[in-house]
Structures are given as C-alpha cells and as structure tokens.
Amino acid sequence: MTGTSEPILRLKNVRKAFGNLAAVDDINLSIGEGEFFTIVGPSGSGKTTLIRMLAGMERPTSGDILLRDKRINDTPANERPTCMVFQSLALFPHRTVGQNIEFALKIRNVDPATRAKRARELMQQLHLPADYYSKNVTLCSGGERQRVALARALAFDPQILFFDEPLSAIDYKLRKTLEKELKDIHRETGKTFVYITHSLEEAMVMSDRIGVMRRGKLIQVGSPNEIYSTPRSRFVSEFMGDVNVIPVESNGAGSVRSQTLGASFKVPPAAIESKAQCLVVRPEFLRFLNSPSDAQNSLKGVLYNEYALGSRIQYQVRVGEKVFLVEKLRQQPFKGKLDDEVLIGWDPENSILVADE
Amino acid sequence: MIEKTSVLAQPGRRAALPIMVLLALGFVAPLLAVVGFSFMPARTFGLWHEPTLENYETIFSDNTYVSLFWSLGLASATVVLLALICYPVAYGLVRVFGRWSTVLTLLFTIPLVVSENIRLYGWVLFFIKGGVLPGTLRTLFGVEMGDFLFTPAAVLFGMVYVYLPFMLFPMTLGIAMVPNQMREAARDLGATRWQVFREVELPLSTPGLMIGSLLTFVLAVGAIAEAKVLGGQRIIPITHDIEIAFTYAQNWPLGAALAVLLMLVVSVLVLIVLRRFDLDQILGKR
C-alpha cells in the first residue's frame, strides 16, 4: 500500500503557534486511505503537536485539517472517528483489561453482551490470554499493556489510529516484536495508521510512507526507500544513522571540491545545484582499495579503530581531521591493522549530493 | 538477658527505642489511664477501686448519649458539606485557576495561623445582632435578619469553616494525581466532558476525597469550640460533656467512659470506611 489511494486526511497550511514560537509551521500533507504513515523527527520538532491537532486535542492556529474533505479543525476529539494510542498508554488503572477495552463502547451505550464479545475478539486478535478479561490492568506487563491500549483504541472501529511513540519505553527485543505485530494488525484491519516516532529505524520497519519533521516543518516525505536512498538534506541523511558527510562546493561538470580535504570528487551529473551542498556516502558504500584506480573517488587515511555491529563491522578511518566510517560484512572483515595507512574509495553512483541544512 | 540483648542487637531497633519509650509514656499510658478510669466508681480519683460498669450505664440511662449523636451528626454533616463545597474548589485549584491557584491556596492557608477561637469570635461579631452582617443589611437595605447565631446551623457553619482546609488540600492532591493523558484518552475514546469526569476523574480522585473525609470527620467529632462560641451552648457536643465531667463535675470516671465510647465509635466508623474503600486498589497499586 502506498499513498496513491484516495486521501483520507489532508492538511493544508497547518500551523500551530505557542506565543511567538511556531511548533508546527505550514504543513501540507495528504495521507491515503489505509496507509501506514509515520512522522519522524527529533524531540521538539513539533511532531507531537501535529498529531495532537490531528486527534483533536489541539486546535491549529491557522490552516485546515480535512477528513474525507470535511473540515474538522473545530471538531473535538470525542466527536472524531479517530483514536490515539498515547506514549504513556493512559490505561485506566481503576478498570480491568476488559473494562478498559470496552470503554469507548460503554460510552456509546453499547449493551454489555456485545461489548464483552467485541473485547474478547480483540483480545484474541492481539494475543491476550482470555482470562485477562477480568485482570487488573496495572498487573499486566509492558507488552500486554501495549496490546490492551491498542485493543481499546480499535474497539469502536475508528477510521484512523494515531500513535504517539507508544513503543519508546519498551526494551529493544520486545519493541521489535511489537513493531511487526503492529504492522500485521495494520494489514488485518486495513485502517489508516498515523505513527509518530523519533526513531527512523522504527519508521522504516513499519511505514508505507515517512514524513521527516524538523523545527515544525515537514522537510521530506517519501517511501522508506526514498528517504533512505535519496535524502534531500544533510539532516535527513544523518537522521538515518551513521553516514559520511563531506561539505563540498561545485567544481564544474560532474565534479565537486572539498576545501577541508583538498580533494575533488566525481558525482552523479544531475545532482549539482548551486547552493551550499554536502556529499553523502553511506558507510556500506565505502570500500578499502588496493590502489587509487580501484574506485573513481579515493582518499588516503589511517585506520583508527573498529567496532563490531552484529552482522557488520564498522571501521573508523581518519583522513586528516576528518573521520570516515567504512562498513563491511562480518564474514569479510578488512585485514588491516590499527594505525595502518589505508586507501578508501567509492563510485559516484553510490554518493548523494544533499542540501547543507 | 540473652534474649534482651538480641532484641536490641539490630541498629534499627536501638535507634527506634527512644521514640518507642516516648510514645509509650506520652500516648499509650494516658490512653490506658483513661480506659482504666472509665471502669472506676463514679467520682473517685484512684485507679485501684473495684472495676464497675456503672459509668457506661449512666451514659445510656441518662440522656448523655444525645450529645454523642449531636457530635456524630454534626461531624457527618460537616463532611458531606465539605465534600460538596471542596470538590469544585479543589478541581478549580488544580485544573482551572492556573496562576491564581497559588494566591487562593495562600488565602486558604493563612487563617490557620490565627487561633481557631479568635476566628470563631470574629464570626460572632459578624453575625451577632447589630453586628457586621445584620447591621449592614438593616442600615443599607432595611432588611431584618433572622437569628442565625447560637443555632445548630451556626455551629455547622463554624465547623465547615474551620475544617475546610483539611478537606480541601487532600482533595487537591487527589485531583492532581489524575494524569492529564488519562483525561485526554477518555475524551479521545468518545467521552463527553461529563463522562470523563464521572468515569475517570472522580473515581481516580477518590483517594483524596477519602483521606479528606476521614481527616475532617475525626477532627469534627472532637470539635468543641464551635458549639461553645457560635452555638452559645444551645447544643452540647460529647466533647463538651467530657470536659464538664472532668472539670466542673469532678467525675473523672464518667468523663473517661464518654471518651472511651467516643473513641470506639470513631474507630469502628473509620475502620469500616477503610475496609470498604481499599485505597491501594483505587490507586492501582496492587
């Protein structure tokens, strides 16, 4: 599923100001029916404010939020066919698992038998043991509480589910499991999911499309693959994890020059723009060379250190003051010794020129 | 001897010993003395007479128990009124008033610095015939105010006034303990403001209400000054009876029996309430 389907949610010039500070600044975005859309950004980027506006807990200062072409700016949260899973989960501690899940149905005056049936269905779908129905919710483990929160949000069959970093406080292994489960649930229900996280890794696993936020602005929107392979700015490329970033300036056709390294590099021809730029090379695309002719761009440096990253090994190579990271598969380690002089290089098609911002 | 040193071998026990001794002498001993006196013959002043139940008989054959009912009734009414008055105020302090909360909290706290009796006499000046309120009403509007001072209502007013902070502050804490996201989640799940209040805020803030109620009830049952000052001794609460028995009537055993009875009734009520409402469960700590 991608953003090509009918848009369910559209944002037009949405802005939210707190005093003089624009927490969310002029956002335009269209989220497709049934899409898993993730908004990624560091803390303070405005992503939580944005999702709170979408859920109806904040009102935009200006701009429009449209749900199936109907303006919902002023519709309060309880009247929107959407539901949010909070970072704290906000489960009701004075209620059992069953009562938590049935809350939205009770509010809507659904009769107790139908309510219980729906709750038990959801518990089964979310792998919660049936006898948890009357268990005090505070006695559940972290993962179980996640599932209860999700079941509670799904119970009244909302059209869109919002997630405000619900997995951020969960340990790594369980988080990985829950990420996959969430994607499965997305597939089974076919609902639109809008997810917020500060972890691009998490976003990559689950999303159909990702929007990267910075200082209240949406700076790039695309599929996980697009965000990964063609970031448009230094910020987005660095947000993806370890990358080698070299500030460069244009040097004529198909070539850029780095002042600090005192070297020129060949780049993909179409990429050059006039404004300040950076050359980005991912560590896995950097190679150790035997001679400078083995790659179109090469640099001489010193092997400073190496780090085992599970399936890969990362090498730190220093070229003058500048640190480069080179990654190799664990099965094919580099045979050099620390403090050896080494030659590293890459081919132009494996590098990207991005805006220096 | 060996036993004794081993009991005191733990540093915690050794450190707690002075407090234990102090509490035993200052709290348990007088209590035991009162209990002991309640079984002594009337108008005696020693603890070594033949034990008797005559004091308790006197309480129920006389109409002394009426003052017990006054005390319990007034205390219950005080708690109910305070709950009704304080919940909205506490709610406002936590959720609505914002920066003004601090100022209001101070205004609620400052009167506690002034002695209760002085504050009550202030109210006497306020309500007395030709006093601040009736005088103003008569001069400005020509309205004659009926008698309020020296009525049971005035006593109740005084108790509500005096014990208000003891209900308000636990309640404020109780309401502040309900996380904001909990309320937002309920609303997001479709609850109206009223439903959020009924389903989430009220049940989750009950611990504050419970603690406030227990505190004010126990204090109000022991109240004496309100009835004396604002009630003009029209009502005799049990505390007043106890005082009279110990002082003017010089009947310590009767006073002791009344005190024991009051303690029993209050402890039973408190235990019942604590059992009915498991605070830990409400707070989700089990």
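The structure displayed is predicted, hence computed values, not measured ones.

## Here we look at the overall build of chain A
So, step 1. Within chain A one finds eight helices and 20 strands.
So, step 2. In terms of overall dimensions, chain A has a C-alpha envelope of 75 × 45 × 35 Å along the principal axes.
So, step 3. Going through the 357 residues of chain A one by one, you find that 39% of them count as buried.
So, step 4. Contacts in chain A between residues at least 24 apart in sequence constitute 66% of all its contacts with a sequence separation of at least 6.

## As for the interface of chain A and chain B
So, step 1. The interface is formed by 20 residues belonging to chain A together with 18 residues belonging to chain B.
So, step 2. Counting residues per element, the ones that place at least two in the side of chain A that touches chain B are β6 (82–85) and α2 (97–107) of chain A.
So, step 3. With three residues, the single largest contributor to the side of chain A that touches chain B is α2(A).
So, step 4. For the side of chain A that touches chain B, a count of residues per class yields 13 nonpolar, five polar and two charged.

## Let's talk about the domain arrangement of chain A
All names here are of chain A.
So, step 1. Entries for chain A in the domain assignment read domain 1 (7–233) and domain 2 (235–355).
So, step 2. For domain 1 and domain 2, the distance between their C-alpha centres works out to 38 Å.
So, step 3. With eleven residues of domain 1 at the contact, the number on the domain 2 side is nine residues.
So, step 4. Only β9 (209–214), β10 (217–222) and α7 (224–229) provide two or more residues apiece to the side of domain 1 that touches domain 2.
So, step 5. Residues that form the side of domain 1 that touches domain 2 fall into these classes: six nonpolar, three polar and two charged.

## Here we look at the pairing of strand β14 (residues 277–281) of chain A
Residue and element names in this part refer to chain A.
So, step 1. Burial analysis of β14 places five of its five residues in the buried class, the great majority of the element.
So, step 2. Pairing geometry for strand β11 (residues 244–250) and β14, over five bridges, is antiparallel. Note that in β14 the partner of Ile-246 across the bridge is Leu-279.
So, step 3. Pairing geometry for β14 and strand β20 (residues 351–355), over five bridges, is antiparallel. Looking across to β20, one finds that Gln-277 is bridged to Ala-355.

## Looking at helix α4 (residues 142–154) of chain A
All names here are of chain A.
So, step 1. For α4, spanning 13 residues, the distance from its first C-alpha to its last is 19 Å, which sits close to the expected 18 Å at 1.5 Å a residue.
So, step 2. For α4, the full list of buried residues reads Gln-146, Arg-147, Val-148, Ala-149, Leu-150, Ala-151, Arg-152, Ala-153 and Leu-154.
So, step 3. Contact partners of the buried residues in α4: β6, α2, α3 (112–125), β7 (160–164) and α5 (172–189).

## Remarks on the sheet that holds strand β8 (residues 192–197) of chain A
Residues and elements named next belong to chain A.
So, step 1. The strand order across the open sheet built from six strands is β6-β7-β8-β3-β9-β10, with neighbouring strands paired in mixed fashion. Where the open sheet ends on each side, the last strands, each with one partner, are β6 and β10. Across the sheet, the mean angle separating the axes of adjacent strands is 20° when strand polarity is ignored.

## Things to note about unusual backbone geometry
Residues and elements named next belong to chain A.
So, step 1. Within the chain, Ala-90 stands out as a residue other than glycine whose phi angle is a positive 55°.
So, step 2. Within the secondary structure, Ala-90 is located in the loop between β6 and α2.
So, step 3. Accessibility expressed as a C-beta count within 10 Å gives 23 for Ala-90, which makes it buried.
So, step 4. Unlike most non-glycine residues, His-127 shows phi in positive territory, near 60°.
So, step 5. With respect to the secondary-structure elements, His-127 resides in the loop between α3 and α4.

## Here we look at the environment of Thr197(A)
Residues and elements named next belong to chain A.
So, step 1. By secondary structure assignment, the location of Thr-197 is in strand β8.
So, step 2. Taking C-alpha positions, Thr-197 is 10.0 Å from Gln-87, a pair spaced 110 residues apart along the chain.
So, step 3. Setting aside residues no more than four positions away along its own chain, Thr-197 makes contact with Thr-38, Val-40, Glu-165, Glu-202 and Ala-203.

Definitions and limits used
Residues numbered from 1 in each chain as written. Chains lettered and ligands numbered in written order. Predicted model: local features only at pLDDT ≥ 70, side-chain atom pairs only at ≥ 80, totals over all residues. Helix = DSSP H or I, 4+ residues; strand = E, 2+ residues; numbered from the N terminus. Buried ≥ 20, exposed ≤ 12 C-beta atoms within 10 Å, placed from the backbone. Contact = placed C-beta atoms within 7 Å. Nonpolar A, V, L, I, M, F, W, Y, C, P; charged D, E, K, R; others polar. Domains from an automatic or database assignment. Pairing = 2+ DSSP bridges. Expected span 1.5 Å × (residues − 1). Axes fitted to C-alpha atoms, helices over the stretch in contact; angles between N-to-C directions.

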